[in-house]
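Chain by chain, the residues:
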Amino acid sequence: MKVDHEVIQTVAELSQLKIDPADLENYAQGMTQVLDLAGRMQAIDTQGVAPMSNPLDATQRLRPDVVTETNQREAFQAIAPETEDGLYLVPRVVE
Amino acid sequence: MTDFADSNWEAVIGLEIHTQLSTRSKIFSGASTQFGAAPNTQACAIDLGFPGVLPVVNQEVYRKAVAFGLGIGATIGLTSVFDRKNYFYPDLPKGYQITQLEAPIVMGGTVDITLEDSSQKTIRVTRAHLEEDAGKSLHEDFHGQTGIDLNRAGTPLLEIVSEPDMSSAEEAVAYARYIHQLVTFLGVSDGDMSQGSLRCDANVSVRPKGSTELGTRTETKNVNSFRFLERAINHEIERQIRVIESGGRVIQETRLYDPDKDETRPMRSKETATDYRYFPEPDLLPVEIDEAYIQQVREQMPELPAAKAARYVSEFELPEADARVLSSERQLASYFEQVVELSGDAKLASNWVRVELLGQLNKDGVEISDAPITPAALGTLIARIREGRISGKIAKTVFEALWSGAASDPDSYIEAEGLVQVSDSGSLEPVIDAIIAANPKQVEQLREGKGKLMGFFVGQVMKETGGKANPQQVNDLISKKLGL
Amino acid sequence: MSELHELSLTEQLTGLAAGEFSATELTRHYLSRIERLDPALNSYITVCQDTALAAAAEQDALRAVGHAGPLAGIPIAHKDIFCTQGIRTSAGSRMLDNFIPPYSATVVEKLTAAGAVVLGKTNMDEFAMGSSNENSFYGAVKNPWSPDCVPGGSSGGSAATVAARLCTVATGTDTGGSIRQPAAFCGITGIKPTYGRVSRWGIIAYASSLDQAGAMGRSAEDAAHLLEAMAGFDERDSTSVMDAGPDFTSLLTADISGKKIGICRTYFNAGLNPAVEAAVMSAAKQLEALGATLVDVELTMADHAIPAYYIIAPAEASANLSRYDGVRFGHRCDNPADIDDLYKRSRAEGFGKEVKSRIMVGSFALSAGYYDAYYRKAQQIRRLIKEDFLQAFQQVDYILGPTTPGPAFAIGEMVDDQVAMYLQDIYTIAVNLAGLPAISIPAGFTGGLPIGMQLIGRHLDEAGLLNIAHRYQQVTDWHRQGPALEQEANHD
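Summarised in this report is the structure supplied together with it. (Residues numbered from 1 in each chain as written. Chains lettered and ligands numbered in written order. Predicted model: local features only at pLDDT ≥ 70, side-chain atom pairs only at ≥ 80, totals over all residues. Heavy atoms only, no water.)

**With respect to the overall build of chain B**
Regarding its fold elements, chain B presents 15 helices and 18 strands. Computed over its C-alpha atoms, the radius of gyration of chain B comes to 30 Å, more than 25% above the 23 Å expected for a compact globule of 484 residues. Across its three principal directions, the C-alpha atoms of chain B cover 95 × 55 × 55 Å. Relative to its 484 residues, chain B shows a buried fraction of 56%. Pairs at least 24 residues apart make up 70% of the contacts formed inside chain B by residues separated by at least 6 positions. In the structure as shown, chain B presents an accessible area of about 20800 Å², 47% of it carried by carbon and sulfur atoms. (Helix = DSSP H or I, 4+ residues; strand = E, 2+ residues; numbered from the N terminus. Rg over C-alpha atoms; globule rule 2.2 N^0.38 Å. Buried < 20%, exposed > 50% of the residue type's maximum accessible area, 1.4 Å probe, protein only. Contact = heavy atoms within 4.5 Å. Areas by Shrake-Rupley, 256 points an atom, 1.4 Å probe, with all protein chains shown as cover.)

**Quick word on helix α3 (residues 226–245) of chain B**
Residues and elements named next belong to chain B. Compared with the 28 Å implied by 1.5 Å per residue over 20 residues, the 28 Å span of α3 between its first and last C-alpha is a close match. Of all the positions in α3, only F226, F228, L229, A232, I233, N234, E236, I237, R239, Q240 and I241 are classed as buried. For α3, the elements touching its buried residues are β1 (9–20), α2 (169–185), β13 (198–208), β14 (218–223), β15 (254–258) and β16 (263–266). At the C-terminal side of α3, G247 shows a positive phi close to 90°. (Expected span 1.5 Å × (residues − 1).)

**Thoughts on the nonpolar core**
Judged by nonpolar contacts, the single largest core of 206 residues is most densely connected at F50(B), F127(C), Y267(C), F389(C) and I399(C). Here the element with the most residues in this core is helix α9 (residues 305–320) of chain C; it accounts for nine residues. Residues within four places of I399(C) in sequence aside, it is in contact with G262(C), Y267(C), V297(C), L299(C), F389(C), A392(C), F393(C), Q454(C), L455(C) and I456(C). (Core = buried A, V, L, I, M, F, W, Y, C linked by side-chain atoms within 4.5 Å.)

**Here we look at the packing of aromatic side chains**
Within the structure shown, the criterion is met by 35 aromatic pairs over all chains. Their ring planes at 75° and their centres at 6.0 Å tell us that Y324(C) and F329(C) sit as a pair that is edge-to-face. Ring centres 6.2 Å apart and planes at 90° place the aromatic pair Y324(C) and F351(C) in the edge-to-face group. Of this pair, Y324(C) sits in the loop between α9 and α10 (339–350) while F351(C) sits in the loop between α10 and α11 (353–366), and the two are 27 residues apart along the sequence. The pair Y324(C) / F351(C) is uniform in exposure class, with both members buried. In textbook terms, an aromatic cluster arises when at least three aromatic residues are bridged by ring pairs, as seen for F76(A), F50(B), F99(C), Y103(C), F127(C), W201(C), Y324(C), F329(C) and F351(C). The ring centre of Y276(B) lies 4.3 Å from the NZ or CZ of K85(B), which sits over that ring. In this structure, K353(C) packs its charged tip against the face of Y27(A), placed 5.6 Å from the ring centre. (Phe/Tyr/Trp six-rings, centres within 6.5 Å; stacked < 30°, edge-to-face > 60°. Lys NZ or Arg CZ within 6 Å of the ring centre and 35° of its normal.)

**Comments concerning the interface of chain A and chain B**
Residue-level contacts link 37 residues of chain A with 55 residues of chain B. Of all elements in the fold, only α1 (5–14), β1 (62–63), α3 (73–77) and β3 (87–91) of chain A reach the threshold of two or more residues within the side of chain A that touches chain B. Examining the composition of the side of chain A that touches chain B, we find that five residues originate from one element, β3(A), more than from any other. Of the residues assigned to the side of chain A that touches chain B, the class counts are 16 nonpolar, ten polar and eleven charged. (Nonpolar A, V, L, I, M, F, W, Y, C, P; charged D, E, K, R; others polar.)

**Describing a negative patch on the surface**
A surface patch of like charges, here negative, comprises E116(B), D117(B), E170(B) and E230(B). Positionally, E230(B) belongs in helix α3. (Patch = residues over 30% accessible without salt bridge, like charges linked within 9 Å, V, L, I, M, F, W, Y side chains within 5 Å. Salt bridge = Lys/Arg side-chain N within 4 Å of Asp/Glu carboxyl O. Lys, Arg positive; Asp, Glu negative; His and termini not counted. Charge placed at Lys NZ, Arg CZ, Asp CG, Glu CD.)

**Some details on empty space enclosed by the protein**
All names here are of chain B. Overall, the coordinates contain eight cavities of 30 Å³ or more when judged by the stated rule. Its volume calculated, the largest cavity comes out at about 100 Å³. Along its surface, the largest cavity is lined by 16 residues, and I46, L54, P55, K94 and I98 are the ones closest to its centre. Across the lining of the largest cavity, the residue classes tally to seven nonpolar, three polar and six charged. (1 Å grid on protein atoms, 1.4 Å probe; cavity = no way out; pocket = protein on both sides within 12 Å on 5 of 7 lines; lining within 4 Å. Points joined across faces, edges and corners; volume = space filled by probe spheres on them.)

This is the structure in C-alpha cells:
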C-alpha cells in the first residue's frame, strides 16, 4: 500500500505527534515499506483462525478487593512538569 | 413537557448509564476509591499511568457485574475480554481506557418499567461492560490553566447500554430510576448521584410518527440527576424537531447538558470524533468464570424489588401500589419487613411505615438509615395497637415522642405517661352515664335509628377520657345501656 | 589468580565466599574499568558509582555475619528499561531523560535482594525499538569486537558491557530478539525465557504481549544464575506464570544424550551468511557428539513472523507510548499554546524518528478500515506460528539455528533502510510471537566478529536450554574469548 502525506497527517493526529512538513515524505516512504512488508501476510489463508493476542494459554487472575496503596503524591509530583495545590496543570481544556 | 407528544414526531431514546461500583479499591489497582480525598492522594502509579506499571483485575468488580447481569436476566459472559480504547485527554493518564468491547461481562437482559399512568413497558438492555473511570479536570482559575485530579481514575464502572426502546423523557427517567434502584438494591453501587456514582448519556433522535427509520441521533453526555435527564432529553427532542421543521438537518454529535442554562450544546473537545482504535488489552488475559461461580453470586443476591413487591401482595395482601413503594429501596424494605415481623400485622405495618414514617422522613429530610425510630420500636408500637393496649390516636402521640427523642422505648413511655387504653367498664360506665344524661335529644335520635349518632357518643367519651378509652368497648357499653 | 573481571560469576562467588576479595574490591575494579573503557564503547547511560559502592559495602557486611544471598556481591548492570527507584530510567529516550522512578521493577528488587550490586544502567535503542542500538538518545554503542560495528539491539549496551567485562552479568529485555541478537553480535550468551517467566512489573513497556526480560552473561552458567534470581511468579503482573520456584542451575551438567534437536531447513536459506551456516552446522555436530540426536524439522510459518511482528508490536506500542504526554512525568515542550500543542510538541520532541514511525504504523494498523487487514490478520498468523512450533515440538525437544543472518554490521550501514534492519530479526521474532524460551550461544567467529546460534525450547523449558548450552560450552571455548579493547591495550 502506498502511503501518502495525508495518511501520515491522519495517523500523526491520532498519535498526537507534530510532524514537520519536510519530514512527511520520509515517514510516508518508511510506512509504505513497512506496510508492503506486512502486506505479505495476505498470501496466507487465515480463514477460521482465531486471532491470538497473548501467547499464554492462561486466564486472568483476580485480586482481592483490598486497599494496598498509600498516598505518595509528593513522590509522584516531584517529577511532574507542572503542579499546583496537588493538581497536575495543563493548558486550559475546553469541554 | 408533553407538547411534542401531540405533534407529528416521535422520539427514539437509548441510554448509556455509567455506574460506579462500590468497591474499596480500584478496578486495576490497590488505591482507595473513597470519594472526596485531597487531589491526587488516591492515585497510585497504576492510576497515574506511570512507565512500567501493570493492571490486575479486582475480583469484587466481577461479582458486582455478574450480580447486576443476573438482576436483569442477562446472559453472563463466561469469557470476557478487556480492550484498550485509545484517545488523548488530560484526565485519561495512559492515553487509553481499559474497557470491554467485543466480549463484555453482561449481554442482553430486560427491565420492566412502570409509567405514571400505571402502564408497563419492557426496555431491552443491549449489554453492560466493565471499564475504568477517568479523572477530573478542574477548570477554575489556575492562571488560565486546567488542573487535573486523578483520584477518580481507575474507579470501576459498569456501563449499562440500553436498546433505543424509549420514546419519551418519562420512559427514560423511569428506566434510569429502575437501574438506579437495582444497583443500589444489589449493593453494586452506592447510587449517590451527587457524587457521580450514576451518570447518564442519552442518545436521542426524532422521526415522523409511524416511521420505522431512525433519525440522526445526538448523544447528550454526563447527565447526573433524573431531573436533568428529563429536561435534557426534552430539550434535545424539541431542538431536533425545531431544526428539522425549519428545514435543517440534525448533525450526529456529542452534546453537553448545561443545567445552569438549561440547554444542551455541542461539546468542543475533540475526544468526541476520533478513531478509538480498540484492541485487546495485552496486559490482561481473558477472564473466565463458570456456572458454579454464577450460582454462588446468585445465592448471595438479595431479593429484588419486583419479587419483593409481588411477595408483599401475595403474602401480606397489600395493594400493589403500596407494595411497590415499600419494596422500592433496600433499606426501606428491610425496615418494613422487620416491623411486620415484630408487630405481627402487615397491613398496620404498611400504613405506619408508608404514612407516618415516610411522611416524617420526608418532612424532616432524613434518610431512612438515620430515622430516629428503630424498626423494633415501631413494631412494638404497632403490636400494642393490635393488642388493644393503646388506641391508634395514642399511638401517634407515642410515635411523635419517639421521633422527637422524648421517648426511647414505646412500652415504658406508655406506662410512664399512663396512656394505656381504658377497657375497664367500671371506670368507663360513669363517664358514659353522664354523657347520656347530658344529651337526651341525641339519645332519642339514636334510639329512633340514626345509627351514625353513635360516633358522636363515642367521640364524647374519647374526649372525656383523653383518648384512652377503647372505642369498641365504648360502643358496646352504650348499645347495652340504651338497649339497642 | 586471573584478573577479577575475567572470572566467571560462579568463580567470583567462590572468591567472595573464600574471602579472596571483597565485594567492594570487585565493584571498584569494575568501576575503574568502566571509567577507563566505556567512553569508547558508550555501553552505560548511567553509572551508579556511589550507590554501587554502598551496596557492595553492605554485601560485605552481610557476608561477614553470614547473610549472603545467591548473588551476594556480584556486580551487574540493568538495561535502562528496568525502573530503578531513585536512579534515572530513560529507556534510551529524550522523553525520559529526566525520569527518576519512585519505584523499582520486580526484577531489580529481586536481584538486589539476592545481593547483586548494580553498577549502572545500560544503553539501548529508544523504548527497545531497534536492532543496532543506533536509535538511542544517548548515542550509538560500539561493538567491543570492532568499534565500527553495532553491538546489536535493543539490549546493545548490556551485551557490549558483558562482552567488554564491564560487569559480570546484565539484564536485558527481548521483544523480537533484543537479547539474543546483541548477544550473538557481541559473542556472549543471552536467554529470553518463556513469556510470563519473569515479571514485567516496572519494565517500561514496548509491546506488552511480546516483552520479556532475560539474562545476559558470558556463559550459560552465568546466565542461569542470573535468570534464577530474576524469575518467578509476581502477583503484580497479570501475565506472570504461576510456577514453583524456578531452578535453572541444578540441571546444567545433566547428560543430553537422547535429546532430539531439530534442524529447520528454512533457516538455512539464501539470506544466511555462509560462515554463520558453517558455524551452526559444526555446533550441531558437536551436540550430536555429546549424545543428542539431530532431526530435520519443518517450520512452515517461519517466513511470516516478521510481517506479523511489525504490525503487532507497533500496534501495542502505539497505545503503550500514549502515556508520554508531558503531563505527569517526562519531557514537556516549552510554552505550549494549548493542550494539543502540549501533546504534539512534547511527543515530537521527546521521541526519536524510529519510535515515531512505529507509533504511526501501529495507529494505522488499528484504525478503522485497516484493523482487519493488518492487526487482526497478524494476530491470526501469530496463532499459526505458535501452532507451527507446537507441532515441531511433538517431534523434537529443541530447535537449533542461527541467531542472526550474519555477524554484526557496520554502524550506519542500515540506518536508511528500515526494512533491511527489520529483516535482521528473521530468526528471533517468531519465538516472541509464540512466547517460547530461546537462548543465543557463541558458536564461532568470522572476520574477527562473533557468531551466535539460537536454541529454541518448549514453553517453560529454560532449564533444558541452559543445560544444552552449558554442555556445549564445556566442550568449546568460543564463549571464553574476549575482545581486545584498544584502550585496555594502551593502558595496561
